[in-house]
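Each chain is listed here by its residues.
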Amino acid sequence: MIKFIPQRDQMDCGPACLVMVANFYGKKYNLDYVRKKSFITKEGVSFSGLKEAAQDIGFETLSTQLTIKQLIDKNEYFPCILHWNQKHFVVLYKVKPTKGKNYFYIADPEFGKIKLSEDKFTSHWQSNSNYGVALFLNPANKFYELNPEPETTINFKYILNYIKPHKYKFFKIFLLLLAGSGFTVFFPLITQKLIDDGIRTKNLNLIILLLLGQLALYIGVIVVGIFRNWLMLYVGNKVSITIISDFFKKMMKLPMSFFDTKMIGDFQQRIQDNEHIEDFLTSNSLITLFSFITFSVFFAILMYYDYKILLVYLTLTVGSVVWSYYWLNKRKMLDYIRFQQRVENQESVYEMLNGITEMKLNRFETYKITAWEKIQKQLFDINLRILRLDQVQLSGFEFLNQTKNIIVTFIAAIAVTNNTLTLGELLSISYIIGQMNGPVNQIITFLRSFQDAKLSLLRLNEVKNHDDEETKNLKLLNTNSIHNSNVYNGISIKNLSFQYEGPKSPYVLRNINLLIPEGKVTAIVGASGSGKTTLMKLLLKFYNPTNGTIFYNGDDLLNLSPGSLREKCGVVMQDGFIFSDTIARNIATGDDKFDYNKLKHAAVMANIDDFIMSLPLKYNTKIGAAGNGISGGQKQRLLIARAIYKAPQYIFFDEASSALDAENEKIIHDNLQNFFKGKTVIVIAHRLSTVKNADQIIVMNNGEITESGTHESLVKQESNYYNLVKNQLALGT
């Protein structure tokens, strides 16, 4: 039987399927490891990427199109991976004929194990041509020789590391809970005294005294509870901030390639999941500890009254806990699935809120709302499955609990009729049983809370399995000129090639050889999709080359600190981001206290100072998220001002003036000419009027350099660049 492995992110279905198949053959692979081997992207994993990963861990693979009959005939090769709904992967592990009909057993990383009729199965698997795609996997010798990386596990000790900084506060909570537990111990003793020594002897003074004592105990419990809750709120907030802060800090250290495989909903849902961890650390763990103490005290008192009653109670209690734990394990898989549905919901809502303008313009509202409603139905279905499971667990638990209470009461009642127990002792035992049921319930809550917290921490800590961009052995960028005849000053690119999705994916850049001289302006032009922006991202060390090398003043880029590099770069990207903050903070992003003179100079150079000064709060005006409230041209000028403010040695402009009108473009272009002096500048532009004064122009097409030279020399060649100029400026022949 195959072990179900849920996907942890929206695009993890392929790697999760491969982990399931590997597990079937006896190898427990880490999902993160297989994910890396699959060259996964935000669009998911391709069949070729999945085959690459399978071959890498020792499988012989065969991907093929076949009919439903051909698939059934290959049942000896199950489990196999199927392409599902033209966008998903599932594992087919069994086909079983029942009453003349075939039923297909599927392990879907998004929904769990499901059983489908042939009609249902073909509707999801086959395309319009009555063929479906399957990937058959056969373990070779290499598979059994390899030792897989172990799965990351989170244990109780790891979780408690978040408590250590607050140990004194936890000690106070400990004392308060201990006091609360101590108060409750006296209630059954008071009850017994009230019945046996007060009511039976009609001693009104003793009754009043015992009731006043009981009232004082209740007040003590309430006061202790108030202080405990305040402390728990304080500690819970601190722990929550620490967990999310650690997540953000680690996330900021990761390379850009990590974010290529994640959707916004994945991150949002992980952050929201920290509530499970906070609840477990600050509430359930401590309350369970003192519930156990309370249970132990009442356990001793109950043993004092009657050990037979205690044995019956313990037997049925153990049965109810085992019952609950069994269903709790089944709920674990459903929690993974619900997480995925919530991620899709987050992504859908985010897309609708951010794309409202385009939706209205293109009458896309109905389609997107229908898609959202479909996600809600899937969420409802999974919540219904969880509810059914919880009801079975709770019903069984309550049945055993109530049966236990009835049997214990019955045994105690017989003892009273036989005069081996007093009526006061009977009521005291009833009270003790009621109080002991609370800790038992708390143990079940604790187990569920621990499971939720563990799953949430696993999701949050997935980022910890990835290597940081910065490592200790990386060098700082040297911006000084190199006086060595064998080393060129500037950026030297040699035999550079790059692929986004692994060895069988198409090349985005091929065999690039280029020298970008120090202190000169280099322009890169070409049609959309020719690789210009990708080249810039490689120069900024967002990605590492597939083949070839990049040198900055003779130093291999792979050996340079990315932080050191970007600190000396002023960059304007096509999709530059405006933060929800003041204009000043959006320009001076890297300074805790910004320099007003530099700020003013940058704004003047970017020709946006007049606009800023016309605003009531001037540089302290707050801009909406992603630049809401300003035009595209104003946003672009702010991004240019941001790059200028850094006073960088290297300047990278990717379509930095595409949203500017002709007048603003000319003013900024003229302003920048002086700013560019002595700096190494790379400008990517479609608008050729902005690049014709560059010291050298590089023409790219389909990931390759086709021409290079100055504007005049390239026009004379009458080739690709000439045609670009002709199309834009109507240059005559």
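Higher on the page you've got the structure.
What you see is a predicted model; the values in this text were computed from it and never measured.

A. Region of the structure containing helix 20 (residues 596–605). For helix 20, the set of buried residues is Leu 599, Ala 602, Ala 603 and Met 605. On an axial view of helix 20, the arc spanned by its buried residues comes to 165 degrees, and they lie on one face. Among the structural elements, helix 19 (583–587), helix 21 (609–613), helix 22 (632–645) and helix 23 (662–675) are those in contact with the buried residues of helix 20. Where helix 20 starts, the residue carrying a side-chain oxygen 2.9 Å from the main-chain nitrogen of Asn 597 turns out to be Asp 595.

B. Local environment of the packing of aromatic side chains. All told, the structure shown has 19 aromatic pairs when counted by the stated rule. An angle of 40 degrees between the planes, with centres 4.7 Å apart, marks the rings of Phe 59 and Phe 143 as tilted. Of this pair, Phe 59 sits in strand 1 (residues 59–66) while Phe 143 sits in helix 6 (residues 141–145); the two residues are 84 residues apart in sequence, bridging distant segments of the chain. Phe 143 carries the same exposure label as Phe 59, and that label is buried. Clustering of aromatic rings is evident, with ring pairs tying together Phe 24, Tyr 25, Phe 59, Phe 143 and Tyr 144. Between the NZ or CZ atom of Lys 74 and the centre of the ring of Phe 136, over which it lies, the distance is 5.9 Å. Here Lys 94 stacks its cationic end above the ring of Tyr 105, 4.4 Å away from the centre of that ring.

C. Molecular detail of the sheet that holds strand 14 (residues 680–684). Pairing is mixed in the open sheet, where six strands are placed in the order 12-13-14-9-15-16. A single partner strand is all that each edge strand has here, and the edge strands are strand 12 (569–572) and strand 16 (704–709). For this sheet, the mean angle separating the axes of adjacent strands, direction not counted, is 15 degrees. The pairing of strand 9 (residues 521–526) with strand 14 spans four bridges and is parallel.

D. Region of interest: the nonpolar core. Counting residues in each nonpolar core, the largest one holds 48 residues, and the members touching the most others are Ile 587, Ile 640, Phe 653 and Tyr 721. When residues in this core are grouped by element, the largest group, seven residues, is from helix 22. Apart from the residues within four sequence positions on either side, Phe 653 is in contact with Met 536, Val 572, Ile 640, Ala 643, Leu 672, Phe 676, Ile 682, Val 683 and Ile 684. Val 21, Leu 31, Ile 40 and Ile 386 belong to the second largest nonpolar core, which has 40 residues in total.

E. Region of interest: the side chain of Asn 664. Within the element layout of this structure, Asn 664 appears in helix 23. Look at Asn 664 and you get buried, because its relative accessible area is 13%. At 2.5 Å, the side chain of Asn 664 and the side chain of Asn 607 are in polar contact. Polar side-chain contacts of Asn 664 include one of 2.8 Å to the side chain of Asp 661.

F. Looking closely at a nonpolar patch on the surface. Taken together, the side chains of Leu 204, Ile 208, Leu 212, Leu 215, Ile 219, Val 223 and Phe 227 make up a nonpolar region of the molecular surface, amounting to roughly 680 Å² of accessible area. On the basis of relative accessibility, which here comes to 53%, the residue Phe 227 falls in the exposed class.

G. Structural view of the side chain of Glu 655. Positionally, Glu 655 belongs in the loop between strand 13 (650–654) and helix 23. Put simply, Glu 655 is tucked away with no salt bridge, and the nearest opposite charge, on Lys 532, sits 5.4 Å away. Beyond its immediate stretch of four places on either side in the chain, Glu 655 contacts Gln 574, Gln 636, Ile 684, Ala 685 and His 686.

H. Structural context of a positive patch on the surface. A surface patch of like charges, here positive, comprises Lys 3, Lys 28, Lys 332 and Lys 454. Judged by its relative accessible area of 30%, Lys 454 is partly exposed.

I. Summary view of helix 5 (residues 118–125). Phe 121, Thr 122 and Trp 125 are the residues of helix 5 that are buried. Buried residues in helix 5, looked at end-on, bunch into an arc of 95 degrees, giving them a common side. Among the exposed residues of helix 5, those oriented more than 90 degrees off its buried face are Asp 119 and Ser 123.

J. Broad picture of the pairing of strand 15 (residues 696–701). Burial analysis of strand 15 places five of its six residues in the buried class, the great majority of the element. Where strand 15 lies against strand 16, five bridges are found, and the strand directions are antiparallel. Paired with Ile 698 across the strands is Ser 708, a residue of strand 16. Taken together, strand 15 and the strand that follows it, strand 16, pair antiparallel across an intervening segment of two residues, in which Asn 702 is found at a positive phi of about 50 degrees.

K. The arrangement of unusual backbone geometry in detail. Omega for the peptide link from Phe 78 to Pro 79 comes to 5 degrees, which places this bond in the cis form. With respect to the helices and strands, the residue Pro 79 is situated in the loop between helix 4 (68–73) and strand 2 (80–84). Positioned with a positive phi, Ala 647 is a non-glycine residue whose angle comes to about 50 degrees. Within the fold, Ala 647 resides in the loop between helix 22 and strand 13.

L. Structural detail: the environment of Tyr 325. Of note, Tyr 325 is situated in helix 13 (residues 307–354). Sequence separation between Tyr 325 and Leu 447 is 122 residues, and the spatial gap between their C-alpha atoms is 7.8 Å.

M. The environment of Ile 608, seen in detail. Relative to the assigned elements, Ile 608 resides in the loop between helix 20 and helix 21. Sequence separation of Ile 608 and Ile 640 is 32 residues, and the distance between their C-alpha atoms is 9.7 Å. Excluding residues within four positions of it along the chain, Ile 608 makes contact with Ala 603, Gln 634, Arg 637 and Leu 638.

Calculation criteria
- Residues numbered from 1 in each chain as written.
- Predicted model: local features only at pLDDT ≥ 70, side-chain atom pairs only at ≥ 80, totals over all residues.
- Heavy atoms only, no water.
- Buried < 20%, exposed > 50% of the residue type's maximum accessible area, 1.4 Å probe, protein only.
- Helix = DSSP H or I, 4+ residues; strand = E, 2+ residues; numbered from the N terminus.
- Arc of directions from axis to C-beta.
- Contact = heavy atoms within 4.5 Å.
- Polar contact = N/O pair within 3.5 Å; in protein donor to acceptor, adjacent residues only side chain to side chain.
- Phe/Tyr/Trp six-rings, centres within 6.5 Å; stacked < 30°, edge-to-face > 60°.
- Lys NZ or Arg CZ within 6 Å of the ring centre and 35° of its normal.
- Pairing = 2+ DSSP bridges.
- Axes fitted to C-alpha atoms, helices over the stretch in contact; angles between N-to-C directions.
- Core = buried A, V, L, I, M, F, W, Y, C linked by side-chain atoms within 4.5 Å.
- Patch = residues over 30% accessible without salt bridge, like charges linked within 9 Å, V, L, I, M, F, W, Y side chains within 5 Å.
- Areas by Shrake-Rupley, 256 points an atom, 1.4 Å probe, with all protein chains shown as cover.
- Salt bridge = Lys/Arg side-chain N within 4 Å of Asp/Glu carboxyl O.
- Lys, Arg positive; Asp, Glu negative; His and termini not counted.
- Charge placed at Lys NZ, Arg CZ, Asp CG, Glu CD.

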